[in-house]
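Structural features, examined
Spelled out, the chains give:
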Amino acid sequence: MTGHEVERRALLTPVLLLLLAERQGHGYELVQRLGAFGCAEADPAHVYRLLRGMESSGEVTSHWHASESGPARRVYAITQQGAMNLALWFVRLGDLHGTLHLFLERYVQLDGVAGRPGPRGRGGPGAAGADSPGHERTPDHMRRMRK
């Protein structure tokens with residue numbers, strides 16, 4: 001598992017709480033909804049383990065819902081405790097957002113970092129344009145910060 005995958009996996013709990021605060025859902029549906037958060041490759045077994053743990057800790061409840069077109073599904077809903085924990089995640093992630101934003105702002109101000117241009121296209125030795133062959137396009141948030 002790459003570092004990027006580990007970071008996304010660490011955010012599954014608050015994202016699942018948010019999804020359940022928006023509306024209740026069954027496990028497979030929640031796995032699909034994780035895609036909007038860049039977690040399309042989330043391991044369904046891991047998501048189900050998280051949901052069971054969240055139920056054990058009182059953050060979510062579940063009940064079986066009979067389906068007319070298939071087997072019964074376990075439907076999850078957020079509890080008051082889960083809503084309180086979601087609010088705490090909001091505060092923690094807001095603090096982290098500030099740190100990440102500062103990091104990104106300062107990074108785009110660096111001149112001559114290998115493999116990328118400096119501010120407003122000024123690059124040092126080895127710097128390549130964001131749209132050069134072999135280099136990924138610069139994400140929108142990075143372009144906005146360079147302005």
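No experiment lies behind these values; they were computed from the predicted model shown.

Let's shift gears to the overall build of the chain. A tally of regular secondary structure across the chain gives six helices and three strands. Counting from the amino terminus, the chain carries its helices and strands in the arrangement α-α-β-α-α-β-β-α-α. Counting the 147 residues in the chain, one finds 30% classified as buried. Within the chain, contacts between residues separated by at least 24 positions form 43% of all contacts whose residues are at least 6 apart in sequence. Accessible surface computed for the chain: about 9,700 Å², of which carbon and sulfur atoms make up 58%.

Inspection of the entire model under this criterion finds one aromatic pair. A centroid spacing of 6.3 Å and a plane angle of 15 degrees characterise the contact between Phe103 and Tyr107, whose relative ring orientation is stacked. Placement of both Phe103 and Tyr107 in helix α5 (residues 80–108) is noted, with a separation of four residues, approximately one turn of the helix. Exposure remark for Phe103: the relative accessible area of 52% places this residue in the exposed category. Under the relative-accessibility criterion, Tyr107 is labelled partly exposed at 26%. Its guanidinium or amino end placed over the ring of Trp89, Arg92 lies 5.0 Å from that ring's centre, counting from NZ or CZ.

We now examine the pairing of strand β3 (residues 73–78). As defined by bridge partners, strand β1 (residues 25–26) adjoins β3 across two bridges and the pair is classed as antiparallel. Considered in β3, the bridge of His26 is made with Val75. With six bridges connecting them, strand β2 (residues 60–65) and β3 associate as antiparallel partners. Bridge assignment links Trp64 to a residue of β3, and that residue is Arg74.

This next bit is on the sheet that holds β3. Spatially, the three strands line up as an open sheet ordered β1-β3-β2, and their pairing is antiparallel. Each having just a single partner strand, β1 and β2 make up the two edges of the open sheet. Set on the sheet, helix α4 (residues 44–56) makes contact with β2 and β3; between it and β2 the angle comes to about 115 degrees.

Bringing the side chain of Glu59 into the picture now. Positionally, Glu59 belongs in the loop between α4 and β2. As a buried residue without a salt bridge, Glu59 has its nearest oppositely charged side chain in Arg92, at a separation of 7.8 Å. Side-chain polar atoms of Glu59 contact the side chain of Ser57, separated by 3.2 Å. The residues touching Glu59, leaving out its near neighbours within four places in the chain, are Leu17, Met54, Ala77, Ile78, Thr79, Gly82 and Asn85.

Cut-offs used in this document
Residues numbered from 1 in each chain as written. Predicted model: local features only at pLDDT ≥ 70, side-chain atom pairs only at ≥ 80, totals over all residues. Heavy atoms only, no water. Helix = DSSP H or I, 4+ residues; strand = E, 2+ residues; numbered from the N terminus. Buried < 20%, exposed > 50% of the residue type's maximum accessible area, 1.4 Å probe, protein only. Contact = heavy atoms within 4.5 Å. Areas by Shrake-Rupley, 256 points an atom, 1.4 Å probe, with all protein chains shown as cover. Phe/Tyr/Trp six-rings, centres within 6.5 Å; stacked < 30°, edge-to-face > 60°. Lys NZ or Arg CZ within 6 Å of the ring centre and 35° of its normal. Pairing = 2+ DSSP bridges. Axes fitted to C-alpha atoms, helices over the stretch in contact; angles between N-to-C directions. Lys, Arg positive; Asp, Glu negative; His and termini not counted. Salt bridge = Lys/Arg side-chain N within 4 Å of Asp/Glu carboxyl O. Polar contact = N/O pair within 3.5 Å; in protein donor to acceptor, adjacent residues only side chain to side chain.

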